[in-house]
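Residue-level structural notes
If you want the building blocks of each chain, they are given just below.
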Amino acid sequence: MEHEPLVSIIIPIYKVEQFLDACVASVAAQTYRNLEILLVDDGSPDSCPAMCDAWAAKDSRVRVIHKTNGGLSDARNAGIKQATGSYIYFADSDDTVAPTLVEDCLEAMREYDADLVMFQFDTISESGKTLLSNYRHNDFSKVQILTPVEAIKKQVKAEIDGYFWAFLAPARTYQNTGFSFPVGRKIEDLSRICNVIGEATRVVRIPKVLYHYRMREGSITASWDPKLTRDWTKAADDREAYIIERFPELKGFMTLQQLNFFANLDYETIRQSLIAGLKIDPEDADAIRRHIERLSKTASESDEPIPDTLRELLGLLKLGVAKFADNAVDALAATPDAEANETSMWLPLTKEQIAERWADTANTHDGTHHGQSSADNDMTLAERFRDMREDWRQLRIQHIEQAEERKDERKAERIAARNGVTFEQE
């Protein structure tokens, strides 16, 4: 390994003028100095292009790529093409990084003879306040040294997140290999994370928080729409196809884990769609059902046994998807906890309520009563995919806090108005 290899840091940028300076400043302040910082202006319509040029003018390590808007994947691909470093790291332009991120990763590579380094992260609010979070990705306290197969298994089981900003990898993984992020789709990290892990020789995970993930309402997970359902399934298909081709010995493992993945995903899709007051596209629901059926058939022909609890849950899911796809809005309106004027986006549907509705649906269709054990199984499987719920919980907390602040402000204004005081508008 070179004594001080050049590290390329790629930052796609679009409509983040509020956070851009903080992000780039945290990258420029790295204790490891031999950096190439690529700011990819993805046709941002605000002041971001000028801000990027200003950074290039004051730091010779910064290069700006101005391009027409093509989305996050397209911007990352553009950065990969122009990167000249021995290693490539991706940062999101609304987040910040710890000052020792690059130094700690390169040191871990040398110490553990690894070529892929993963680390922990925390979450911050729009104002930069550290938030409480409970991501499974961070559930380790000692250094972990893994083979690519071991790391892939952990990723598929959601013990390692798919965020590309959570690791540093060699440039050779991305360049001259046919690697590219899928343009026009979201959830691009999940679709390609195992491609990176699978090409490593040794993976090391270090228990250090080196990235600060900003939770904001403009993020992908905060703006859930039915198209994301399709992107989730496509990403899962991409991941499965790569793993089975690269590591055919994992086919049985993948079949069972994909069933678990879709069980959890469908649960969250339904739950989040109800919370957001959205209606699942019937075509998407049909696609999900077909995918589950295909995976179930494949699994039944393999040597990997499917637990009875999972079989039961999958049957319940198919009925649940059909019911909620056809009648999501009515189901939302029927929520006993909902107030008539409550904003539908933040209705507190619980796992117990969803499980009860699924059980009612199953009774209606086949007369079978699944009882409390089904609800327990639903919750157990859902816990394996809890990170998306964590994102929504953090956003909901911020929403409630902001609503309380606005409520207090309006109260103060009413009291002041009664006392003959008015507030000047800024």
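Please refer to the structure higher up on the page.
Residues numbered from 1 in each chain as written. Predicted model: local features only at pLDDT ≥ 70, side-chain atom pairs only at ≥ 80, totals over all residues. Heavy atoms only, no water.

Looking only at helices and strands, one finds 13 helices and ten strands in the protein chain. Looking at the protein chain as a whole, 54% of its 426 residues qualify as buried. Taking as baseline every contact in the protein chain between residues at least 6 positions apart, the subset at least 24 positions apart corresponds to 82%. Carbon and sulfur atoms provide 49% of the accessible area of the protein chain, an area that totals close to 19300 Å². (Helix = DSSP H or I, 4+ residues; strand = E, 2+ residues; numbered from the N terminus. Buried < 20%, exposed > 50% of the residue type's maximum accessible area, 1.4 Å probe, protein only. Contact = heavy atoms within 4.5 Å. Areas by Shrake-Rupley, 256 points an atom, 1.4 Å probe, with all protein chains shown as cover.)

A few words now on helix H2 (residues 48-58). Every buried residue of H2 is accounted for by Cys 48, Pro 49, Met 51, Cys 52 and Trp 55. Buried residues along H2 cover an arc of 165 degrees about the axis, so they all sit on one side. In H2, those exposed residues whose orientation departs by more than 90 degrees from the buried face are Ala 50, Ala 57 and Lys 58. At its buried positions, H2 is contacted by strand S1 (7-13), helix H1 (20-28), strand S2 (35-42) and strand S3 (62-67). (Arc of directions from axis to C-beta.)

Before going further, it helps to spend a moment on the pattern of salt bridges. The tally for this structure, following the rule as stated, stands at 14 salt bridges. Residue Arg 76 pairs with Asp 189 through a salt bridge whose shortest N-O separation is 2.5 Å. Separated by 113 residues along the polypeptide, Arg 76 in helix H3 (residues 72-82) and Asp 189 in helix H6 (residues 188-198) bring together distant segments of the chain. An identical accessibility class is assigned to Arg 76 and Asp 189; each is buried. A salt bridge links Asp 115 to Arg 172, with the nearest nitrogen and oxygen atoms 3.2 Å apart. Taken as a pair, Asp 115 in the loop between helix H4 (101-112) and strand S6 (116-124) and Arg 172 in the loop between strand S9 (167-170) and H6 lie far apart in primary sequence, 57 residues in all. Residue class for Asp 115 comes out buried when judged on its relative accessible area of 8%. Judged by relative accessible area, which is 55%, Arg 172 ranks as exposed. (Salt bridge = Lys/Arg side-chain N within 4 Å of Asp/Glu carboxyl O.)

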